[in-house]
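Descriptive analysis of the structure
Listed below, chain by chain, are the residues.
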Amino acid sequence: MQIDRVCFLRDYMIKLELSTNQLAVFDLKPLLKTARFKHIVSQEFFESGKLLDHCCIYWDDVTEIQDYEMLGEEFIKKNF
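Notes on the structure follow.

Some points on the packing of aromatic side chains
Applying the stated rule across the entire model yields five aromatic pairs. Centroid distance Tyr-12 to Phe-46: 5.1 Å. Interplanar angle 65°. Geometry classified as edge-to-face. In this pair, Tyr-12 is assigned in the loop between β1 (3-9) and β2 (13-18) and Phe-46 in helix α1 (residues 43-46), connecting sequence segments 34 residues apart. For Tyr-12, a relative accessible area of 14% translates into the label buried.

What to know about the pattern of salt bridges
Taken as a whole and judged by the stated rule, the model has five salt bridges. Among the ionic pairs, Arg-5 bridges to Glu-17, the shortest N-O distance being 3.3 Å. One end of the pair, Arg-5, is in strand β1; the other, Glu-17, is in strand β2, and twelve residues separate them in sequence. Note that Asp-11 is salt-bridged to Lys-29, the shortest N-O span being 3.2 Å. With Asp-11 in the loop between β1 and β2 and Lys-29 in the loop between β3 (23-27) and α1, the pair connects residues that are 18 residues apart, well separated along the chain. The exposure class assigned to Asp-11 is partly exposed, which follows from its relative accessible area of 44%. For Lys-29, a relative accessible area of 31% corresponds to the partly exposed category.

Rules behind the numbers
Residues numbered from 1 in each chain as written. Predicted model: local features only at pLDDT ≥ 70, side-chain atom pairs only at ≥ 80, totals over all residues. Heavy atoms only, no water. Phe/Tyr/Trp six-rings, centres within 6.5 Å; stacked < 30°, edge-to-face > 60°. Helix = DSSP H or I, 4+ residues; strand = E, 2+ residues; numbered from the N terminus. Buried < 20%, exposed > 50% of the residue type's maximum accessible area, 1.4 Å probe, protein only. Salt bridge = Lys/Arg side-chain N within 4 Å of Asp/Glu carboxyl O.

Laid out in structure tokens, this is it:
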């Protein structure tokens, strides 16, 4: 299983389209207050994220998130 496509929604939500034809929505808002995601200060920058290698969303050299963080390790293990 991998992420085939991401759509950046309003209010820092990310829709993930998976290779299993499943959809998932991840709310990034709670993480915006952490040092790791402090560079995401606008909806415009948030929407500039890119899906890399079907498993990671990358914004800049210090801001990225992996599939298992968005979907949960158990989800990844059960659906791999």
